[in-house]
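Here is what each chain is made of, one letter per residue.
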Amino acid sequence: MTALPDLSSHAMASARWRPAEIVFWILAAVCAFLFPSRYLIMTDIVRLALFALSLDLILGYAGIVSLGHAAFFGVGAYSAGLMALHGVINEPVIALVAAGLVATVLGFLTSFLVIRGVDLTRLMVTLGIALLLEALAERYSDITGGTDGLQGIEMQPILGYFAFDMFGKTGFFYSLIVLFVLFLLARRVVDSPFGLSLRAIRNNPLRAAAIGVPVNRRLIAVYTLAAFYAGISGALFTQTTALASLDVFSFERSADLMLVLVIGGTGYLYGGLIGAVVFKMLQEFFSTITPQYWQFWIGLVLVVIVLVGRARIHRWALWLPNLVIRQFAGRKAVVAVPESDAS
């Protein structure tokens, strides 16, 4: 009889915004004014963060491992590009949603294949879907542009008022707003009874099925939702860069996404966002020092993270902020630690 009150109290506690969350989003907006010459790289970070958020929904909360998540990213990118190129939908926001829905349909259709296997089978199935779509895009080059990609994409002003500029300012704020709105939706989903059932499935699917959780339907639903998020991310890529090529389906894009979640952690939404920032900053830093060997240094960082532990690195990184807060406010900062590390 106490299950429902406990569930309600948990949902109410999870819905409260922590001070660290508010600071995170304020800093994200302030960066636009602190680094006015870095709009393009910041837009790239925001797109990657949304893409990582989509994978975290299935990996961190449902336990579905994917090496072909770029399939939905690519479908969203090409859908937005083709709609803009042929004038099917001229308004970017409507085209963004339409491209996400196209990826959603693909996610729903392929989800029945993904849920049938375990981790290794899912890896191969998801990777195979992405490779198949890349091959089809190359085969029908008269539609996709082949290796040259779509040419002559011209994006209309957002809502008819905000035109995309060459410096990327409009694209950054547009992408950041989309990320924030979809983050709010994801936050609501994972803190709902639906999200709690996903955690139960991730921990023990047999036990979840035994207590009445419809495992397959839950997995299909979250996989479809993650496809929508990935499609939106791909559409943002095309709309902010006016480009869509075969690279959007590449295995490297899916692999980089896994690295982002390794850096940031899974199962607490902010892992993909923080991981995207750190990954892009490391990539920018190491490619400036050693352009040919930047991947080696990122690999070394990943090894250090695995050996030392992400939770310990979080504590080290926040030791000084916690010390300052204790001195001036008399309390310690709250650090978001992934469930896997906390256990």
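Being a predicted model, the structure only gives us computed values, none of them experimental. (Residues numbered from 1 in each chain as written. Predicted model: local features only at pLDDT ≥ 70, side-chain atom pairs only at ≥ 80, totals over all residues. Heavy atoms only, no water.)

1. A few points about the packing of aromatic side chains
Right, on to step 1. According to the stated counting rule, one finds 19 aromatic pairs in the structure shown.
Right, on to step 2. Centre to centre, the rings of F33 and F173 are 6.3 Å apart; their planes meet at 55°, and the pair counts as tilted. Taken together, the residues F33 in helix α2 (residues 19–34) and F173 in helix α8 (residues 169–190) connect sequence positions 140 residues apart.
Right, on to step 3. Measuring from ring centre to ring centre gives 5.8 Å for F164 and Y174, while their planes differ by 75°; the resulting arrangement is edge-to-face. Taken together, the positions of F164 in the loop between α7 (141–144) and α8 and Y174 in helix α8 put the pair 10 residues apart, joining distant regions of the chain.
Right, on to step 4. By relative accessible area, which is 23% here, F164 ends up partly exposed. (Phe/Tyr/Trp six-rings, centres within 6.5 Å; stacked < 30°, edge-to-face > 60°. Helix = DSSP H or I, 4+ residues; strand = E, 2+ residues; numbered from the N terminus. Buried < 20%, exposed > 50% of the residue type's maximum accessible area, 1.4 Å probe, protein only.)

2. Re the environment of G87
Right, on to step 1. Position of G87 among the secondary structure elements: in the loop between α4 (70–85) and α5 (92–114).
Right, on to step 2. Under the relative-accessibility criterion, G87 is labelled partly exposed at 37%.
Right, on to step 3. Sequence separation between G87 and E154 is 67 residues; the distance between their C-alpha atoms is 9.5 Å.

3. A closer look at helix α6 (residues 119–139)
Right, on to step 1. Over its 21 residues, α6 extends 30 Å from the first C-alpha to the last, a length consistent with the 30 Å expected when each residue adds 1.5 Å.
Right, on to step 2. Turning to α6, its buried residues number three or more, namely R122, L123, T126, L127, I129, A130, L133 and A137. Looking straight down α6, one finds its buried side chains confined to an arc of 150°; they lie on one side. In α6, the exposed positions that point more than 90 degrees away from the buried face belong to L120, L132 and R139.
Right, on to step 3. Its buried side turned inward, α6 meets α4, α5, α7, α11 (215–241) and α12 (251–264). (Expected span 1.5 Å × (residues − 1). Arc of directions from axis to C-beta. Contact = heavy atoms within 4.5 Å.)

4. Considering the pattern of salt bridges
Right, on to step 1. Scanning the model with the defined rule gives six salt bridges in all.
Right, on to step 2. In this structure, the salt-bridge partner of E21 is R18, at a minimum N-O distance of 3.7 Å.
Right, on to step 3. When its relative accessible area of 7% is taken as the criterion, E21 is described as buried.
Right, on to step 4. Its relative accessible area of 44% is what places R18 among the partly exposed residues.
Right, on to step 5. Here E284 makes a salt bridge to R38, at a shortest N to O gap of 2.7 Å. Of the two residues, E284 is situated in helix α13 (residues 270–289) and R38 in the loop between α2 and α3 (39–59); the sequence distance between them amounts to 246 residues.
Right, on to step 6. Owing to a relative accessible area of 32%, E284 belongs among the partly exposed residues under this scheme.
Right, on to step 7. By sharing partners, the salt bridges in this structure join R18, E21 and R187 into a single network. (Salt bridge = Lys/Arg side-chain N within 4 Å of Asp/Glu carboxyl O.)

5. Digging into a nonpolar patch on the surface
Right, on to step 1. There is a patch of nonpolar side chains on the surface, built from W17, I22, I26, V30, L34, F35 and L184 and spanning about 600 Å² of accessible area.
Right, on to step 2. Take the nonpolar patch: its biggest share by element is four residues, from α2.
Right, on to step 3. By secondary structure assignment, the location of L184 is in helix α8. (Patch = residues over 30% accessible without salt bridge, like charges linked within 9 Å, V, L, I, M, F, W, Y side chains within 5 Å. Areas by Shrake-Rupley, 256 points an atom, 1.4 Å probe, with all protein chains shown as cover.)

6. A short note on the confidence of the model for the protein chain
Right, on to step 1. For the protein chain, mean pLDDT is 83; residues scoring 70 or higher make up 85% of the total.
Right, on to step 2. Contacts of residues 331–343 to residues separated by more than four positions or lying in other chains number 28 contacts, the stretch itself having pLDDT below 50. (pLDDT = per-residue confidence, 0-100.)

7. Some remarks on the layout of surface pockets
Sizing a probe to match a water molecule and rolling it over the atoms shows the empty space that remains.
Right, on to step 1. Size it by volume and the second largest pocket reaches roughly 350 Å³.
Right, on to step 2. Lining the second largest pocket are 16 residues, with V93, I158, Y174, I177 and V178 sitting closest to its centre.
Right, on to step 3. Mapped onto the lining of the second largest pocket, the elements with two or more residues apiece are α5, α8 and α11.
Right, on to step 4. In terms of residue class, the lining of the second largest pocket is built from 14 nonpolar, one polar and one charged. (1 Å grid on protein atoms, 1.4 Å probe; cavity = no way out; pocket = protein on both sides within 12 Å on 5 of 7 lines; lining within 4 Å. Points joined across faces, edges and corners; volume = space filled by probe spheres on them. Nonpolar A, V, L, I, M, F, W, Y, C, P; charged D, E, K, R; others polar.)

8. Side note on unusual backbone geometry
Right, on to step 1. In this structure, L159 is a non-glycine residue whose phi angle is positive, near 55°.
Right, on to step 2. Tracing the chain through its elements places L159 in the loop between α7 and α8.
Right, on to step 3. Non-glycine residue A242 carries a positive phi angle of around 55°.
Right, on to step 4. Locating A242 in the fold gives a position in the loop between α11 and α12.

9. Observations regarding the side chain of K280
Right, on to step 1. Residue placement: K280 occurs in helix α13.
Right, on to step 2. The buried category is assigned to K280, whose relative accessible area is 13%.
Right, on to step 3. Among the polar contacts made by the side chain of K280, one reaches the side chain of Q283 at a distance of 3.1 Å. (Polar contact = N/O pair within 3.5 Å; in protein donor to acceptor, adjacent residues only side chain to side chain.)

10. Here's the deal with the nonpolar core
Right, on to step 1. L50, L53, L57, V178, Y229 and L269 are the most contacted members of the largest nonpolar core, which has 98 residues in total.
Right, on to step 2. Element by element, the count of residues in this core is highest for α11, at 15 residues.
Right, on to step 3. Excluding residues within four positions of it along the chain, Y229 makes contact with L50, L53, S54, L57, L182, L185 and A186. (Core = buried A, V, L, I, M, F, W, Y, C linked by side-chain atoms within 4.5 Å.)

11. A look at the side chain of D56
Right, on to step 1. Inspection of the secondary structure assignment puts D56 in helix α3.
Right, on to step 2. Buried charge D56 goes without a salt bridge, the closest partner of opposite sign being R202 at 7.4 Å.
Right, on to step 3. Excluding residues that lie within four positions of it along the chain, D56 makes contacts with Y61, L261, T266, G267, Y268 and L269. (Lys, Arg positive; Asp, Glu negative; His and termini not counted.)

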